Amino acid sequence: MKEFKPFRLDPANHRLWRDAGESEPVSVTITAKAFDVLRYMVEHPGRLITHDELLESLWSGVAVQPEVLKGHVLAIRNALGDDAQRPRYIETHRGRGYRFIADVTTAQKTDNLLSSATTSHLIGRAAPLDALHEALHQAREGRPKIVFVHGDAGIGKTALVETFCSNLSSQHTSLSYGRCIEGFSGAEPFYPVIEALSRLLKGANSNKVQDILVTVAPSWANQVTGLLSREHRALLQKVAHVSARSRMLGEFCELIEVLAENEAFVLLLEDLHWADFSTLDLISALARRRSSVKLLLIATYRSDDLATRGPALRQLVNELLLHKLCESIHLHGLRQSDIAEYVRADDSEDGRSFVQLLLRQSSGNPLFLSTILDHLKSIQLVSIDRGQWKSDVPLSQIRFEIPQTIAHVVETKISSLDDETQRVLEAASAVGDVFNSVVPATAAGLSTRRFEEVCEALCRTRTFIHRHDMDTLGGGEVVRLYRFNHALLREVLLNRQGPLRLAQSHALIGKELEKSYPSELRAHAAFELAEQFSNAREWSKGLLYLKIALQTAKRRFAHQDALAILGKADEIALHLSNGEREMTQTTLLEDRASIYAASHDPKALQTFTDLLQISEQLHFPDVQARAELGLGFTVSWRDAAASITHLENAARLSSAQPEPQLRARIRLSSAAWSIWIGGWDTQKAKLCEESLIPLRNGLDREITAWGLIEYSMMCLVSSRYRECLETVDTNLQILVRHAVDRPDFNIFRAIWMAHLGRPWAYTLLGEWGRALKEFDDSEALFVGNANRYSICALETLRGFLYCMAGDYQATGDICRKLGFYKDKTGHQPAALYTPVLPNEIRHCTLLAGITEVGLGNLDAGIGMLKELEHDMLERPVITDWYWLLLLEWSLADALLRSGDVEQARVHADRMAERSDRTIEVTWRAMAREVRCRVAIEEGDLQQASRVINDALHITEMMGAPMADWRVHRTAARLHRVEGDSARALLHEQLSNRQAQRLLDSLPPGHRLQDTFARLMA
């Protein structure tokens, strides 16, 4: 609420008030557009606002002459009683614009209020209300709290949280809230969070929130650009970057830390049983974030029916409770004493019997209790006198006309309404739990105005519905939203309509929804539109909007939500005609396979197999080739050799493709994945280079970008680390921006490759501080997607960096985090993410073996590494060839420490042999470095000199920042043994210089600086 004496501007409810002394404020009449002009001026007080700025901000995209402003400014002056010659509010600068000159202050926060009415006194809820107040008290002290409020339908969850939130504004506490909606997969990703964010942007502190949002959380700002001012939209374009969308979880956590840094902030998320997966992941991220922000997050859900999100929500709550990261308030039914208080029963035999009867029939459910009492009153069996309910007939004569459920009571109440009101409620029920008067009016056969009048009449008696928030339609029209008092009421209203009439209503509602949203904004309503048209049996149109919803999920990298959308799309596709059905099912199957593959879900193998069979039957060679590539990738998780056959099949199938660019893309993918899976191959590397020419010369930039993303993998394993990064940065941006709606591009796998490749490339480049930041950013993305495999891969890669820096305590923590170690009792600890696939288990084993050696447990570490080597050689899987290089170096190094020089030489020679099959500089240099140390221990100084000179030549020619300091340190040691002090000193200086660069790349005060300094010594 903005205040400029004696006026108050309420942006949330689109009202202007004038204080009238001790009496109630008076509403000032003003047109909607004049209100918008006034609001813009009030939000930018004290500075000149040009004509162009006002027109751009309030009439964006519409051709309007500047003269139109004069009329609106005149209307504002009339409403405020302002004089243009002696202005108190608006100062005119002729030919330039206007300046709002009155002092503006922020009054009560409009975003602190929930619009629905709250009970003045809650019955039987003193303890949970106290628990919420205690949680808020702890949040104010810098101990952020997450509280889940749950119970059966109608148990009073909303009444409890609304009562708690009703007076937060007087306690210097900000509030925003969002509600999950029922529909396909719940809603678009982060639906209730974006709703809550939108409320903040419409609230009294809009400018401040916009400033914070654009600078701290640009990826979230991109989701609500329509609510940003022109200045903030311009600023957003400057700060946007390629990975912004991929950091939504991390950015939101940072946004909360700013919003709740100095003042307590309450975030309320209702109806979590309908939440999208991304919202659940966000709650998980907030819970695990270690900070001292003053945040209280309250989430409500129905525990009697967890709906679509049942297992995921239950697992989230259980995990957070297990780790003491949240609190739970379970609302039980009212007790007999509570019901006695509710009906104000006297302490007589009849009074107690009356209460017992109500308790038995309602089971203590507040909604059922109130419904039963209303029903009994309507048939004149009970009455209410000054708040006290009493029976008007002997209790023995009361016969509840309720079958097994309460539905009959609700039906009775509906039947008592006139036909017009019943039509309004039935049409509204087809929209959803929340509705406005515009969308369902046609379905009810009424004008929008008449529909609204009926809704307002129902709201005055709070019968069935109540007033919700104000909303702005796509055309700028402000309307009132209404909400059913309980989901049960809506269900009964839906069930009482015949299927033909209900389908017709859904069709009319879908068309009205389309009118309400301009084409560029329909992505925000894609779920609602898909639900309406599919319920209307307009299958093609329903599928169209589901595909739009799928694009939104892809842009936000929300794997689980995308799979849920695909599940519904599969159902709709069954209703399409034969030709259209087959094409659609193939497209949906490829989309599903790409998500499974990026998540390393075992279901990917069968899905790609199905895709291969269908594409073969339908004679789709392109799809068939992509299915073979997918099979090659998924089979490699357990058998690298078998996967190569599928990759070669894909290359052969590419010959059937007449388009050179597409043919080159398949061939490049086949060759690049063969190298990534099975090891360096000069012929395949040459094929990759040859395929680049037609790939880059083609007209489709997105095909080029996809091919180059896969080419970047070859750059990574051939020491072209900088080229890998540049290739990923440039081409991933193109894919994310343009290719999310193309199933032939596995955008999820591209994201996976980029977010694993970037931190590892920076590690090998010796830019360890940048690598650590990339690890953090990538993990935030994968946690948000619940991508277990990628989280495990990131953690082990991070662990290998820690090993190179000598922090073995940190690598041990990672192993425990991944459930690799057992505790002292022999029990497996509760793991955050548990390895499943062979290659991730091997990565963890390698990390654990190196950790044991680093901590001084040589025998245990060597035993683990030798057993791992046997497994990797016996049945290799994807990238085993690469990690065998690190394994052999670690074994040779450990055996040298243990004094077993002979075995150390065996493994050093193996590493040299394997690394020489590649052009990977880092590991070739490391192989010669450890072989030199072995030769020194054997007394073969000639051999030592030869291999260390090779290593120095390799690093000087190509550069290997992670290996350089070790090579020079070992060279210095050799020269000391040889008695050449001058050359030894030179290499010691070079070693220290190279190591110092690694140290300097780390953030100041980072623990790796200490561990690495000790390792150097």
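Basis of the calculations
- Residues numbered from 1 in each chain as written.
- Predicted model: local features only at pLDDT ≥ 70, side-chain atom pairs only at ≥ 80, totals over all residues.
- Heavy atoms only, no water.
- Helix = DSSP H or I, 4+ residues; strand = E, 2+ residues; numbered from the N terminus.
- Core = buried A, V, L, I, M, F, W, Y, C linked by side-chain atoms within 4.5 Å.
- Buried < 20%, exposed > 50% of the residue type's maximum accessible area, 1.4 Å probe, protein only.
- Contact = heavy atoms within 4.5 Å.
- Pairing = 2+ DSSP bridges.
- Axes fitted to C-alpha atoms, helices over the stretch in contact; angles between N-to-C directions.
- Salt bridge = Lys/Arg side-chain N within 4 Å of Asp/Glu carboxyl O.
- Domains from an automatic or database assignment.
- Buried area = accessible area lost by both parts, 1.4 Å probe.

Per an unreviewed UniProt entry, the protein chain is named NACHT domain-containing protein, and its organism is Dyella dinghuensis.

(A) Looking closely at unusual backbone geometry. At the junction of lysine 5 and proline 6, the peptide bond is cis and its omega measures out at -5° in the coordinates. Checked against the element boundaries, proline 6 lands in the loop between β1 (2-4) and β2 (7-10). At phenylalanine 190, a position not held by glycine, the phi torsion is positive, near 65°. Along the chain, phenylalanine 190 falls in the loop between β10 (174-179) and α6 (191-202). The backbone phi angle of histidine 600 is positive, close to 55°, even though this residue is not glycine. For histidine 600, the position within the fold is in the loop between α25 (578-599) and α26 (603-617).

(B) Main features of the nonpolar core. By size, the foremost hydrophobic cluster in this structure holds 201 residues, and its most contacted members are Phe451, Ile465 and Trp673. The element that contributes the greatest number of residues to this core is helix α39 (residues 880-898), accounting for 13 residues. Residue contacts for isoleucine 465: discarding those within four places in its chain leaves Leu425, Phe435, Cys455, Leu458, Cys459, Tyr482, Arg483, Phe484 and Asn485.

(C) Local environment of the sheet that holds strand β5 (residues 48-50). The sheet built from three strands is open, its strands ordered β5-β7-β6 with antiparallel pairing. Edge positions in the open sheet fall to β5 and β6 (90-93), since each of these has one partner strand only. Here the average twist between neighbouring strands, direction ignored, is 30°. Where β5 meets strand β7 (residues 97-100), three bridges bridge the pair, whose relative direction is antiparallel. Across the sheet, threonine 50 pairs through a bridge with glycine 97, a residue of β7. Helix α2 (residues 51-58) contacts β5 and β7 of the sheet and is inclined by roughly 65° relative to β5. Where helix α3 (residues 67-80) meets the sheet, it contacts β6 and β7, and its direction lies at approximately 150° from that of β6.

(D) Geometry of the sheet that holds β10. An order of β10-β11-β12-β9-β13 is seen for the five strands of this open sheet, with the pairing classed as parallel. The sheet is open, and its two edges are formed by β10 and β13 (327-331), each paired on a single side. If you compare each strand with its neighbour and ignore which way they point, the axes differ by 15° on average. Bridge count between strand β9 (residues 145-151) and strand β12 (residues 295-302): seven bridges; the pairing is parallel. Residue pairing for β12: phenylalanine 148 is matched across the bridge by alanine 299. Where helix α5 (residues 157-165) meets the sheet, it contacts β9, β10, β11 (265-270), β12 and β13, and its direction lies at approximately 160° from that of β12. Where α6 meets the sheet, its contacts fall on β10 and β11, and the angle it forms with β10 comes to roughly 140°.

(E) Geometry of the pattern of salt bridges. Counting across every chain of the model gives 64 salt bridges. With a closest N to O distance of 3.4 Å, aspartate 19 and arginine 8 form a salt bridge. Of the two residues, aspartate 19 sits in strand β3 (residues 15-20) while arginine 8 sits in strand β2, which places them eleven residues apart along the sequence. Measuring nitrogen to oxygen at the nearest pair gives 2.4 Å for the salt bridge that ties arginine 905 to glutamate 938. Linking arginine 905 in helix α40 (residues 901-916) with glutamate 938 in helix α41 (residues 921-938), this pair joins segments that are 33 residues apart in sequence. What you see here is one network of salt bridges that share partners, running through Asp776, Glu779, Glu795, Arg798 and Lys817.

(F) Layout of the environment of leucine 267. Mapping leucine 267 onto the fold places it in strand β11. Taking the relative accessible area as the measure of exposure, leucine 267 reaches 4% and is therefore buried. Sequence spacing of leucine 267 and lysine 145 is 122 residues, and the spatial spacing of their C-alpha atoms is 11 Å. Discounting chain neighbours no more than four positions away, the residues touching leucine 267 are Ser176, Ala196, Phe252, Leu295, Leu296, Leu297 and Ile298.

(G) Just the domain arrangement of the protein chain, in detail. Parsing the protein chain into structural domains produces domain 1 (2-106), domain 2 (125-330), domain 3 (336-404), domain 4 (409-514), domain 5 (601-699) and domain 6 (703-750). Each of domain 5 and domain 6 was reduced to a C-alpha centroid, and the two centroids are 16 Å apart. Listed as interface residues are 18 residues of domain 5 and, on the opposing side, 16 residues of domain 6. Carbon and sulfur atoms supply 70% of the area that domain 5 and domain 6 bury against each other, a total of about 1700 Å² over both sides. Sorting the residues of domain 5 by area buried against domain 6 places Arg665, Trp673 and Trp676 first, and these three jointly supply 31% of that buried surface. At the surface where domain 5 touches domain 6, the tally comes to one salt bridge.

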